[in-house]
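# Inside the fold
Residues per chain are reported as follows:
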Amino acid sequence: AQSVTQLGSHVSVSEGALVLLRCNYSSSVPPYLFWYVQYPNQGLQLLLKYTSAATLVKGINGFEAEFKKSETSFHLTKPSAHMSDAAEYFCAVSDRGSNYKLTFGKGTLLTVNP
Amino acid sequence: EAGVTQFPSHSVIEKGQTVTLRCDPISGHDNLYWYRRVMGKEIKFLLHFVKESKQDESGMPNNRFLAERTGGTYSTLKVQPAELEDSGVYFCASSGDTYYGYTFGSGTRLTVV
């Protein structure tokens, strides 16, 4: 079965600093990969997804993620954090042909300090 | 377009009672999913509908949980009788024929006391 590991349940950065949220997956066959964000009292919003096109994927709000097969990783980055980026971030994978059933990581809570 | 709507947003019930959660997907979306997040754990898949049919219900915890999707439109998830470990946030999501990623609802926070 698929598994997703998000390193760090809580990441704190200063406003303007680099944001790096780590995600590793377990599949030997490259799956579909996703990052979702949940702002307080809201649903999960898709930030970006990898489906086997370009390995560097750009998403909304200035976020991007790079698929690295050799490292089975899909880390999320943003060059400069903004206060509005404070939220919980989830990495998820789905096996191709699984009707897009998602396996999530435990989530990383991002705090942005002024 | 309207998003995925879930209600109630919060529900507090006593152990042994019954609770029904409702999800209204985006109009025209054939695929509807239920997920659950128990406190401190990851979000886990419960089941998947294609129109009114259950495509995959491998994530349903036990037979206290019953999901239905009337006429391929809205869906309900009933928990009967509720247990303490059923507490968590229940998310619904929908997607159309072409997969651009799910649209999630805001979730229902269920607390069983």
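Residues numbered from 1 in each chain as written. Chains lettered and ligands numbered in written order. Predicted model: local features only at pLDDT ≥ 70, side-chain atom pairs only at ≥ 80, totals over all residues. Heavy atoms only, no water.

Mapped onto the secondary structure, A:Thr103 falls in strand β10 (residues 103-104). Through-space distance from the C-alpha of A:Thr103 to that of A:Ala1 is 9.3 Å; in sequence the pair is 102 residues apart. (Helix = DSSP H or I, 4+ residues; strand = E, 2+ residues; numbered from the N terminus.)

Quick look at the nonpolar core now. Counting residues in hydrophobic clusters, the biggest one holds 27 residues, and the most contacted among them are A:Trp35, A:Leu47, A:Leu48, A:Phe74, A:Leu76 and A:Tyr89. When contributions to this core are tallied by element, the ones reaching two or more residues are β2 (10-14), β3 (19-25), β4 (32-38), β5 (44-50), β7 (64-68), β8 (73-78), β9 (87-94) and β11 (108-113) of chain A. Excluding residues within four positions of it along the chain, A:Tyr89 makes contact with A:Gln6, A:Leu21, A:Trp35, A:Tyr36, A:Val37, A:Leu47, A:Phe63, A:Leu76, A:Gly107, A:Thr108 and A:Leu110. Membership of the second largest hydrophobic core comes to 21 residues, among which are B:Met60, B:Phe65, B:Leu77 and B:Val112. (Core = buried A, V, L, I, M, F, W, Y, C linked by side-chain atoms within 4.5 Å. Buried < 20%, exposed > 50% of the residue type's maximum accessible area, 1.4 Å probe, protein only. Contact = heavy atoms within 4.5 Å.)

This next bit is on the pairing of β4(A). Residue and element names in this part refer to chain A. Most of β4 sits inside the fold, with 7 of its 7 residues counted as buried. Sheet topology note: the β4/β9 ladder contains 7 bridges and is antiparallel. Bridging from a neighbouring strand, Gln38 pairs with Glu88 of β9. As paired strands, β4 and β5 are joined by 6 bridges and run antiparallel to one another. Residue pairing across strands places Val37 opposite Gln45, the latter belonging to β5. In textbook terms, the turn of a hairpin is the stretch between consecutive antiparallel strands, and for β4 and β5 this stretch comprises 5 residues, one of which, Asn41, has a positive phi near 65 degrees. (Pairing = 2+ DSSP bridges.)

To continue, consider the side chain of A:Ser94. Here A:Ser94 is to be found in strand β9. Those residues in contact with A:Ser94 that sit more than four places away from it in its chain are A:Pro31, A:Tyr32, A:Phe34, A:Tyr100, A:Lys101 and A:Leu102.

Residue B:Phe7 is joined to B:Pro8 through a cis peptide bond whose omega torsion reads 0 degrees. Residue placement: B:Pro8 occurs in the loop between β1 (5-7) and β2 (10-13). B:Gln80 connects to B:Pro81 through a cis peptide bond whose omega is -10 degrees. Along the chain, B:Pro81 turns up in the loop between β8 (75-79) and β9 (88-95). Phi at A:Asn41 takes a positive value of approximately 65 degrees, unusual for a residue other than glycine. One non-glycine residue with positive phi stands out, namely A:Asn61, at about 60 degrees.

Moving on, we get to the state of the cysteines. All names here are of chain A. Considering all chains together, one arrives at 2 disulfides over all chains under this definition. Note on cysteine connectivity: Cys23 is disulfide-linked to Cys91, with sulfurs 1.9 Å apart. Judged by the sign of its S-S torsion, about -65 degrees, the bond between Cys23 and Cys91 is left-handed. Residue Cys23 is found in strand β3, and its partner Cys91 is found in strand β9; the two are separated by 68 residues along the sequence. A relative accessible area of 0% means that Cys23 is categorised as buried. Exposure remark for Cys91: the relative accessible area of 0% places this residue in the buried category. (Disulfide = S-S within 2.5 Å.)

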